[in-house]
Amino acid sequence: MTHPRVQQVAEIAAAAGVDGVALIPGAHLRYITGIDFHLMERLLVIIFRPGADPVAVVPSLEADRLRATDIPFHIFGWTDTDGYAGALTAAAAELALDGKRLGVETLAMRLLEANALRGAIPGLDLVPADDALAGLRLHKSADEIAHLRAAIAISEAALQAVLDAVRPGMTEQQIAGLLVMEQLQRGGGAVPFEPIALTGLRAALPHGTPTDRAIRPGEPLLLDFGTTVGGYASDITRTFSFGPPSDRFKDVYAAVQAANAAGRAAARPGLSAQEVDRAARREIEAAGFGDYFTHRTGHGLGLQAHESPNIVEGNTQILEPGMVFTIEPGIYLPGEIGVRIEDDVVITADGCESLTTFTRELVQVGGG
Ligand code: GLY
Ligand code: MN
Ligand code: MN
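Nothing here was measured: the structure is a model prediction, and the numbers come from that model.

Novice: What should I look at first to understand the coordination of the manganese ion (ligand 3) in this one?
Specialist: For a metal with four donors in a tetrahedral arrangement, the ideal angle between donors is 109.5 degrees, while six donors in an octahedron ideally sit at 90 or 180 degrees. Here the manganese ion (ligand 3) is held by Asp235 (OD), His299 (NE2), Glu328 (OE) and Glu342 (OE), and the distances to it run 2.1 to 2.2 Å. Each donor residue of the manganese ion (ligand 3) belongs to the same chain, and together they define the spacing D-x63-H-x28-E-x13-E. The distance between the manganese ion (ligand 3) and the manganese ion (ligand 2) comes to 3.1 Å, and aspartate 235 binds to both of them. One end of the pair, histidine 299, is in strand S12 (residues 298–300); the other, glutamate 328, is in the loop between strand S14 (324–327) and strand S15 (330–333), and 29 residues separate them in sequence.

As C-alpha cells, this is what we get:
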C-alpha cells in the first residue's frame, strides 16, 4: 500500500504536469517523512514519482533514519570520503528521468542540488512547483492544529512571565533572551525565528533586530516571537506601553486593534485571502495611517513560520476550513512609534477561531 503522504505528492506531481518532485531538507520533507533533516552542505535530495517508490540520495550517516520510516525508499547513500557523484549517477540510472520534468521548490532548492541533478540526468528540466506543493500542507489536520495550540499556549504563558519581569533599564536583547528562555522552560522547541523585541522608536521597524537599547518609561514595547511543538510554529505579536502611553500611541494602537478585529471578523470559508487583507487595511486607512501599514496582513503558519496562504492583495485563493494563518496588521511611523497585533487563526466551518487568546487591549507594563 502506498504511504498516504507519498501518494499525496504523487497526485500533486501529476496535477502539476511534472514527472516527479525533488525535495531537499525542509518542511515538505519533514511533513512527508516525519524526519527533521538538517539542511547543510551535504547533498540530500529525495525524488518522488507517481507510481514508483521514492529515490533518496543521502549522506550515509542519515540512511538509518530513512530506513526507520514506513516509506519504502530506494536509498543511494554516499560517504564524506567518496562524495555524492557515484550515488547520484546510480540513482539517475534507476530514475530514468532523461529529458523529463521535475518539480522543485524555488524557495528552497539550491544551485548545489539543481546543478547536481542536471549534471546527472541528461535533458532534465527543473520547473517551479511551489504553489502545487503548498497544497500538501495547506489544510491542517486536527493533530496539526493541536500542535499549533500547544506551541501558542507556551508562547502566551512565556509572554506573561516576561511582562511580569520587565523593568526599566532592561535591554531589547535581554527581553528577547528572556522570551526564549521562558518558552524553553515550558517545553517549547527550537524557535522558528529569532524573537523581535523592540523599544521606543525602534518599534517602527517591522522586522527590527533587538539591540542593547534599554527600555524607558512612556515607550512602546513590541514583542514578536514564537516557539515550536513537534515542529509546528507559533507566531504572536503584542505591543505594550512601558509606563503610561501618550495620546498619539493610544490613537495608533486603537487603529491597529480595530484592523486586527476586522481581519478576524472577516476571515471565513468562501472568502478570498485578499478580502481579509482588505478588511484589516480599511480600518487603518480610515484612521489616516494607510501609508504606514507597509506589509501584508498575514501569512500561513504550520511547519514553517511563513507558508501559504498569504493574506495579501492579489491573492484570490479561497479560504477553506483547516487553513491556518496570521492576522497581523501594524502601523509604523518612522522614528516615532510602531504597533503590531498578531494573532494566529484557523478557518472553521463558518468563520475563524483565533488560536491566540492573549489580550489585545493596550496593557501598561513595567516602569509604573
Ligand atoms: N511580519 C509581517 C510579514 O512578514 O509579513
Ligand atoms: Mn510574528
Ligand atoms: Mn507573522
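Novice: Sorry if this is basic, but what is going on with the site of ligand 1 here?
Specialist: Ligand 1 sits among His207, His295, Arg296, His306 and Glu328. Glutamate 328 places a polar side-chain atom, nitrogen or oxygen, 2.9 Å from a nitrogen atom of ligand 1. Grouping the constituent residues of the shell around ligand 1 by class yields no nonpolar, three polar and two charged.

Novice: Got a minute to help me understand helix H4 (residues 85–95) in this structure?
Specialist: Every α-helix winds through 3.6 residues per turn, so residues three or four apart in the chain are directed the same way. Listed as buried for H4 are Ala87, Leu88, Ala91, Ala92 and Leu95. Buried residues of H4, viewed axially, fall in a sector of 135°; they line one side. In H4, those exposed residues whose orientation departs by more than 90 degrees from the buried face are Gly86, Thr89 and Ala93. Buried residues along H4 sit against strand S2 (45–48), strand S3 (55–59), strand S4 (74–78) and helix H5 (111–120). Remark: alanine 96 follows H4 within two positions and exhibits a positive phi of approximately 50°.

Novice: Before we go on, may I ask you to explain helix H8 (residues 172–185) in this structure?
Specialist: Given a rise of 1.5 Å per residue, 14 residues ought to cover 20 Å, and the 20 Å separating the end C-alpha atoms of H8 matches this to within 8%. For H8, every residue scored as buried is listed here: Glu172, Ile175, Ala176, Leu178, Leu179, Glu182 and Gln183. Projection of H8 onto a plane perpendicular to its axis shows the buried side chains occupying an angular sector of 155°, all on one side. Glycine 187 sits one or two residues past H8 and shows a positive phi near 100°.

Novice: Explain the sheet that holds strand S19 (residues 364–365) to me, please; I cannot follow it from the model alone.
Specialist: Working definition: the strands of a sheet are paired by backbone hydrogen bonds and lie parallel or antiparallel to each other. Pairing in this open sheet of four strands is mixed, and the strands run S7-S8-S11-S19 from one edge to the other. With partners counted over all chains shown, the strands left at the sheet margins are strand S7 (196–199) and S19, one partner each. Sheet topology note: the strand S11 (residues 236–242)/S19 ladder contains two bridges and is parallel. Bridged to serine 241 within S19 is glutamine 364.

Novice: What's the story with the coordination of the manganese ion (ligand 2) in this structure? I'm lost.
Specialist: Protein coordination at the manganese ion (ligand 2) comes from Asp224 (OD), Asp224 (OD), Asp235 (OD) and Glu342 (OE), with a distance range of 2.0 to 2.6 Å. Binding-site remark: the manganese ion (ligand 2) is held by donors from one chain whose sequence spacing is D-x10-D-x106-E.

Novice: Which parts of the structure should I look at to understand the environment of proline 245?
Specialist: Within the element layout of this structure, proline 245 appears in the loop between S11 and helix H9 (247–266). Measuring from C-alpha to C-alpha, the distance between proline 245 and glutamate 219 comes to 7.0 Å, with 26 residues separating the pair along the chain. Ignoring any residue separated from it by four or fewer positions in sequence, one finds proline 245 in contact with Lys250, Leu362 and Gln364.

Novice: In this structure, what is going on with the pairing of S2? I would like to understand it.
Specialist: Note on strand geometry: in a regular strand, side chains alternate between the two faces of the sheet. A two-sided burial pattern is seen for S2, the buried positions comprising Val45 and Ile47 on one face and Ile46 and Phe48 on the other. Note: strand S1 (residues 20–23) against S2, three bridges, orientation antiparallel. When the sheet's bridge partners are listed, leucine 23 is paired in S2 with isoleucine 46. Where S2 lies against S3, three bridges are found, and the strand directions are antiparallel. Bridge pairing in S3 links isoleucine 47 to valine 55. Remark: six residues form the turn of the hairpin made by S2 and S3, two consecutive strands paired antiparallel; glycine 51 in that turn has positive phi of roughly 75°.

Novice: Hey, could you run me through unusual backbone geometry in this one?
Specialist: Peptide bonds are mostly trans, and most non-glycine residues show a negative phi. The step from serine 308 to proline 309 runs through a cis peptide bond, and the omega angle for that step is 0°. With respect to the helices, strands and loops of the structure, proline 309 is situated in strand S13 (residues 307–311). Positive phi, close to 50°, is recorded for alanine 96, a residue that is not glycine. With respect to the element layout, alanine 96 can be found in the loop between H4 and strand S5 (101–104).

Novice: Even after reading the chapter, I still don't get the packing of aromatic side chains, so can you show me in this structure?
Specialist: Aromatic ring pairs are reported here in terms of the distance separating the ring centres and the angle at which the planes meet. In total, this model carries three aromatic pairs according to the counting rule given. Relative to phenylalanine 358, the ring of phenylalanine 240 lies with its centre 6.3 Å away and its plane at 85°, an arrangement referred to as edge-to-face. In this pair, phenylalanine 240 is assigned in strand S11 and phenylalanine 358 in the loop between strand S18 (352–354) and S19, connecting sequence segments 118 residues apart. In this structure phenylalanine 240 comes out as buried when scored by relative accessible area, which is 1%. The class for phenylalanine 358 is buried, based on a relative accessible area of 11%. Judged by centre distance (6.4 Å) and plane angle (70°), the ring pair of phenylalanine 249 and tyrosine 253 falls under edge-to-face. Within this pair, phenylalanine 249 and its partner tyrosine 253 are both found in helix H9, separated by four residues, close to a single helical turn. Exposure class is identical for phenylalanine 249 and tyrosine 253. Each is buried. Geometry around tyrosine 31 places arginine 5 over its ring, the cationic atom sitting 3.8 Å from the centre.

Reading the values: rules and limits
- Residues numbered from 1 in each chain as written.
- Chains lettered and ligands numbered in written order.
- Predicted model: local features only at pLDDT ≥ 70, side-chain atom pairs only at ≥ 80, totals over all residues.
- Heavy atoms only, no water.
- Donors = N, O, S within 2.8 Å, 3.2 Å for Na, K, Ca; no water.
- Helix = DSSP H or I, 4+ residues; strand = E, 2+ residues; numbered from the N terminus.
- Near = heavy atom within 4 Å.
- Polar contact = N/O pair within 3.5 Å; in protein donor to acceptor, adjacent residues only side chain to side chain.
- Nonpolar A, V, L, I, M, F, W, Y, C, P; charged D, E, K, R; others polar.
- Buried < 20%, exposed > 50% of the residue type's maximum accessible area, 1.4 Å probe, protein only.
- Arc of directions from axis to C-beta.
- Contact = heavy atoms within 4.5 Å.
- Expected span 1.5 Å × (residues − 1).
- Pairing = 2+ DSSP bridges.
- Phe/Tyr/Trp six-rings, centres within 6.5 Å; stacked < 30°, edge-to-face > 60°.
- Lys NZ or Arg CZ within 6 Å of the ring centre and 35° of its normal.

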